[in-house]
Amino acid sequence: PVSLSLTSSQKTKFRKLFSEQREEYAMNQLVLLGRVFYSAVFLISVPGYFTDNTIRYVAAQGLPLAGFVVPLLGSFALMGGVSILIGYRAKAGACLLVLFLAPMTVTIHNYWAIVDPAAAALQWSHFLKNLSLLGSALLIAYFGSGPLSLENYLKRRDRDRHGTRMIDLTAKRR
């Protein structure tokens, strides 16, 4: 008869392995949730970039060729937001968001050129918000979309389909 009792050392190893798997699962979920929240900021605001009111407002703020540039930047926000949301070519999508955010941050939220303290304070907060969005886009441009993404799924599927498994050089040796 085979005994299924585990030694204390084996139980500790099992608990540690199970704990690491749970932690990795939770972190993967958090990365996905972060992508959803981040992309929502852009996808919710995108329709406004195609309205006459927004184009006129941006033109009044000094952005040249606002009738062309604002819808173009709105398209960047749409493509970048969708790319990051579904996790497909998220690095390129993040670069589009950088191209969207950089000119908007400097031209629209130029708090330094506003005389009214209340209006300057409002633009200062928008400026800082855009800086944080820019920083997040740069992180996504470097790290990509994470494990729970369409791009990662397609890579795994292709490896499985072609029988070419990648060797994980970062795996801990037991």
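Structural notes, computed from the coordinates. (Residues numbered from 1 in each chain as written. Predicted model: local features only at pLDDT ≥ 70, side-chain atom pairs only at ≥ 80, totals over all residues. Heavy atoms only, no water.)

**A word on the side chain of Asn110**
As a reminder, the rule being used: For the purposes of this entry, the term helix denotes a DSSP run of H or I that reaches at least four residues, the term strand denotes a run of E that reaches at least two, and both are numbered from the N terminus. Classification of residues uses two cut-offs on accessible area relative to the type maximum, computed with a 1.4 Å probe and protein chains only: under 20% is buried, over 50% is exposed, and between them is partly exposed.
With respect to the element layout, Asn110 can be found in the loop between α4 (90-108) and α5 (117-143). Since its relative accessible area comes to 14%, Asn110 is described here as buried.

**What to know about the packing of aromatic side chains**
Stated formally: Each Phe, Tyr or Trp ring (for Trp, its six-membered ring) is paired with any other whose centre lies within 6.5 Å, and the angle between the two planes then decides the class: stacked below 30 degrees, edge-to-face above 60, tilted in between.
Evaluation of the coordinates by the stated rule reveals 9 aromatic pairs. Look at Tyr111 and Phe127: their rings are 5.2 Å apart centre to centre, the planes differ by 65°, and that puts the pair in the edge-to-face class. With a gap of 16 residues between them, Tyr111 in the loop between α4 and α5 and Phe127 in helix α5 connect regions that are remote in the sequence. Judged by its relative accessible area of 26%, Tyr111 falls in the partly exposed class. Taking relative accessible area as the criterion, Phe127 reaches 14% and is therefore assigned buried. Members of the aromatic cluster, connected to one another through ring pairs, are Tyr38, Phe42, Tyr49 and Phe100.

**Quick word on a nonpolar patch on the surface**
Here is the rule: Each patch is assembled from residues with relative accessible area greater than 30% and no salt bridge, linking like charges that lie within 9 Å and nonpolar side chains (Val, Leu, Ile, Met, Phe, Trp, Tyr) that lie within 5 Å. Each accessible area is a Shrake-Rupley result for a 1.4 Å probe, and residues are judged covered by the shown protein chains and nothing else. A side-chain nitrogen of Lys or Arg and a carboxyl oxygen of Asp or Glu constitute a salt bridge if their distance falls within 4 Å.
Together, Met27, Leu30, Leu33, Val36, Phe37, Leu78, Val82, Leu85, Ile86, Tyr88, Leu150 and Tyr153 line one region of the surface with nonpolar side chains, adding up to about 1000 Å² of accessible area. Of the residues forming the nonpolar patch, the biggest block, 5 residues, is contributed by helix α1 (residues 8-45). One can find Tyr88 in the loop between α3 (66-86) and α4. Note on Tyr88: relative accessible area 33%, which makes it partly exposed.

**Examining the packing of helix α2 (residues 52-60) against α3**
Filter applied, for reference: Axes here refer to lines fitted to C-alpha atoms; in helices the fit is confined to the stretch in contact. Angles between the N-to-C directions go from 0 to 180 degrees. Throughout, a crossing is termed right-handed when the near helix is turned clockwise from the far one, and left-handed when it is turned anticlockwise from it by less than a right angle. In what follows, residue pairs with any heavy atoms lying within 4.5 Å of each other are defined as contacts. Here the nonpolar group is Ala, Val, Leu, Ile, Met, Phe, Trp, Tyr, Cys and Pro; Asp, Glu, Lys and Arg are the charged ones; every other residue, Gly included, is treated as polar.
Packing of α2 against α3 brings their axes to within 9 Å, and their N-to-C directions diverge by 115°. In this structure, the crossing between α2 and α3 has a hand that is right-handed. Here Thr54, Ile55, Val58 and Ala59 of α2 lie close against α3, whose contacting residues are Ala66, Gly67, Val70 and Pro71. Within the contact of α2 with α3, the residues separate by chemical class into 6 nonpolar, 2 polar and no charged.

**A look at the nonpolar core**
Which entries qualify depends on this criterion: Only buried residues count toward a nonpolar core. Its members are Ala, Val, Leu, Ile, Met, Phe, Trp, Tyr and Cys residues joined through side-chain atoms within 4.5 Å.
Core analysis: the largest hydrophobic core is formed by 26 residues, its most contacted members being Tyr38, Phe42, Val70, Ile84, Leu97, Phe100 and Leu101. Breaking this core down by element, the ones donating at least two residues are α1, α2, α3, α4 and α5. Among the elements that make up this core, the one with the highest residue count is α4 (8 residues). With residues up to four places along the chain from it excluded, the contact list for Leu97 reads Tyr38, Phe42, Phe76, Ala77, Gly80, Gly81, Ile84 and Ala137.

**A closer look at unusual backbone geometry**
Leaving glycine out, the prevailing phi sign among residues is negative, and the prevailing peptide bond configuration is trans. Not every positive phi belongs to a glycine, and Leu65 is a case in point at roughly 50°. Mapped onto the fold, Leu65 is located in the loop between α2 and α3.

**Concerning the environment of Phe37**
With respect to the element layout, Phe37 can be found in helix α1. Accessibility expressed as a relative area gives 54% for Phe37, which makes it exposed.

**Here's the deal with the packing of α3 against α4**
Interhelical geometry of α3 versus α4 gives an angle of 145° and a closest axis separation of 8 Å. For the pair α3 and α4, the crossing hand works out as left-handed. When α3 is examined against α4, the residues Leu73, Gly74, Phe76, Ala77, Met79, Gly80, Gly81, Ser83 and Ile84 are found in contact with a partner set consisting of Ala90, Gly93, Ala94, Leu96, Leu97, Leu99, Phe100, Pro103 and Met104. Split by residue class, the contact of α3 with α4 holds 13 nonpolar, 5 polar and no charged.

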